[in-house]
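Residues per chain, in single letters:
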Amino acid sequence: MIKLIIGKKGAGKTKRLVELVNSAAETSLGNVVCIEKGGTLTFSVSHKARLIYADDFSICGYDEYYGLLAGVKAGNNDITHIFGDATLRIGSRDYGELAAFLKRLAKIEDVEFVFTISCDELELPAEVFEVAEKI
């Protein structure tokens, strides 16, 4: 399952994501992971969640981002939630590539993905919403 938190810059997407990460960390019977670009969430995300900085691995583009997420899941089958902040800054602002990335992720089972997308919902192609839902 893939969920998207969509809105323009300053709309409170990251704050909502942190609330969801911390809630999942408290209630999940498995492990929770949060991927971010930069180090802004260090003191916001619960210590019960694994925080990964995409910059530490030079992740750039959706193929590399998919590889990171698939590798994290492959390395720990107990992961129930994976959250991603600044998705367009890690991947790209190419919405067609975003849709292809989400379609690939949808094939990974037993994980709930939640991503922040910094744009207007109307900018996204319909194919994004074929595999993901806005929350």
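Described in the following lines is the structure provided in the data block. Note that the structure is a prediction, hence the values are computed from the model and not measured.

Looking now at unusual backbone geometry. Even without glycine at this site, Ser-58 takes up a positive phi of about 55 degrees. Judged by its relative accessible area of 57%, Ser-58 falls in the exposed class. The phi torsion at Asp-110 lies on the positive side, around 65 degrees, for a residue other than glycine. Tracing the chain through its elements places Asp-110 in the loop between helix H4 (95-105) and strand S5 (112-118). For Asp-110, a relative accessible area of 68% gives the class exposed.

Here six strands make up an open sheet; going across it, the order is S3-S2-S4-S5-S1-S6 and the pairing parallel. The sheet terminates laterally at strand S3 (50-53) and strand S6 (132-134), the two strands that pair on one side only. Looking at each pair of strands side by side, their axes are set apart by 20 degrees on average, direction ignored. Two elements, strand S1 (residues 2-7) and S5, share six bridges in a ladder whose sense is parallel. Along S5, the bridge assignment pairs Leu-4 with Phe-115.

Right, let's talk about the pattern of salt bridges for a bit. In total, this model carries eight salt bridges according to the counting rule given. In this structure, Glu-26 engages Lys-48 in a salt bridge whose closest nitrogen and oxygen atoms are separated by 3.2 Å. On the criterion of sequence distance, the pair formed by Glu-26 in helix H1 (residues 13-27) and Lys-48 in the loop between strand S2 (31-36) and S3 is long-range, its members being 22 residues apart. Under the relative-accessibility criterion, Lys-48 is labelled partly exposed at 47%.

A few words on H1. Counted at 1.5 Å a residue, the expected span for H1 with its 15 residues is 21 Å, and the 21 Å between its end C-alpha atoms agrees. For H1, the set of buried residues is Lys-13, Leu-17, Val-18, Leu-20, Val-21, Ala-24 and Ala-25. The arc enclosing the buried residues of H1, seen along the axis, measures out at 165 degrees, which places them on a common side. Every exposed residue of H1 that faces more than 90 degrees away from the buried side is listed here: Lys-15, Glu-26 and Thr-27. Next to the buried residues of H1 lie S1, S2, strand S4 (79-84) and S5.

Rules used throughout
- Residues numbered from 1 in each chain as written.
- Predicted model: local features only at pLDDT ≥ 70, side-chain atom pairs only at ≥ 80, totals over all residues.
- Heavy atoms only, no water.
- Buried < 20%, exposed > 50% of the residue type's maximum accessible area, 1.4 Å probe, protein only.
- Helix = DSSP H or I, 4+ residues; strand = E, 2+ residues; numbered from the N terminus.
- Pairing = 2+ DSSP bridges.
- Axes fitted to C-alpha atoms, helices over the stretch in contact; angles between N-to-C directions.
- Salt bridge = Lys/Arg side-chain N within 4 Å of Asp/Glu carboxyl O.
- Expected span 1.5 Å × (residues − 1).
- Arc of directions from axis to C-beta.
- Contact = heavy atoms within 4.5 Å.

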